[in-house]
Amino acid sequence: MAGADAVGLVGAMPTGPGVITDDTARTIARTVPPPVMPWLLTSKASAPAIIAHAKAIGVAAVQIVRHVPPSVHDEMAALAPALRRIQVIHVEDESAVDVLSSYGTRPDAFLLDSGRPSTEELGGTGRRHDWRVSAICVSAAPRPVFLAGGLGPDNAREAIDAVRPFGLDICSGLRTNDQLNAEQLERFMAAVRA
């Protein structure tokens, strides 16, 4: 795991790299050693569907890649209170601050990414978004905020300094031919630790 705190298991998505089958995700979730936490990335949009997907994989944390209504978090909290919810906020422009604020303290954490929900692009873009807006989101957020989008070994330190996130999330920035590149992962983790 190269020192990572979590491993993302990418469920079916309309776009982006790293998608694995639910069977593969379930196998990985069972074998991830503590204290590393497996997270399911899901594009499901209703509370029952998100909860069912997380249960089917066997994870205790779910990264919701769509801007679901805040009421979905209320319903999930009532139906599955132990399931950790990380709400993705796609930073297309300054309106991301308002989107994040609309969730209040409902999610357990937020993740800022570079998707474009209006075109069904929900992550894994390899694009960097406006870190100035991300820094405002971090300052305004009532919960921890992770940063994703266009990150790699060469800009991890810059991202940490500019945004001051709780943590970083990486996907396409560590891939070669759609496979995780172990050398890039080691370089990225070294940059984060530095």
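Residues numbered from 1 in each chain as written. Predicted model: local features only at pLDDT ≥ 70, side-chain atom pairs only at ≥ 80, totals over all residues. Heavy atoms only, no water.

**Quick word on the packing of helix α2 (residues 47-57) against helix α3 (residues 70-79)**
Right, so step 1: Look at α2 against α3: their axes get within 9 Å of each other, and the N-to-C directions meet at 50°. It follows that α2 is oblique to α3 by the angle criterion. Here the hand of the crossing between α2 and α3 comes out right-handed. Contacts between α2 and α3 involve A47, P48, I50 and I51 from the first element and V72, E75, M76 and L79 from the second.
Right, so step 2: Its residues assigned to classes, the contact of α2 with α3 shows seven nonpolar, no polar and one charged. (Axes fitted to C-alpha atoms, helices over the stretch in contact; angles between N-to-C directions. Helix = DSSP H or I, 4+ residues; strand = E, 2+ residues; numbered from the N terminus. Parallel < 35°, antiparallel > 145°, perpendicular 65-115°, else oblique. Left-handed = near helix turned anticlockwise from the far one by under 90°. Contact = heavy atoms within 4.5 Å. Nonpolar A, V, L, I, M, F, W, Y, C, P; charged D, E, K, R; others polar.)

**Some words on the side chain of H53**
Right, so step 1: Of note, H53 is situated in helix α2.
Right, so step 2: Relative accessible area serves as the criterion here: at 8%, H53 is assigned to the buried category.
Right, so step 3: Among the polar contacts made by the side chain of H53, one reaches the side chain of T42 at a distance of 3.0 Å.
Right, so step 4: With near-sequence residues (within four places) excluded, H53 lies in contact with G11, D22, L40, T42 and K44. (Buried < 20%, exposed > 50% of the residue type's maximum accessible area, 1.4 Å probe, protein only. Polar contact = N/O pair within 3.5 Å; in protein donor to acceptor, adjacent residues only side chain to side chain.)

**So, helix α5 (residues 131-140)**
Right, so step 1: Of the residues making up α5, those classed as buried are W131, V133, S134, C137 and V138. Around the axis of α5, the buried residues are gathered within 150° of arc, so they sit on the same side.
Right, so step 2: Those residues of α5 that are buried lie in contact with α4 (95-102), β5 (109-113), β6 (145-147) and α6 (156-163).
Right, so step 3: The backbone nitrogen of R132 lies 2.9 Å from a side-chain oxygen of the residue at the head of α5, namely D130. (Arc of directions from axis to C-beta.)

**Considering the pattern of salt bridges**
Right, so step 1: For the structure shown, the criterion picks out eight salt bridges.
Right, so step 2: With its nearest N and O atoms 2.9 Å apart, the salt bridge here joins R106 to D74. Taken together, the positions of R106 in the loop between α4 and β5 and D74 in helix α3 put the pair 32 residues apart, joining distant regions of the chain.
Right, so step 3: A salt bridge links R164 to D161; its shortest N-O distance comes to 3.7 Å.
Right, so step 4: Within the structure, one salt-bridge network assembled from shared partners comprises E94, D130 and R132. (Salt bridge = Lys/Arg side-chain N within 4 Å of Asp/Glu carboxyl O.)

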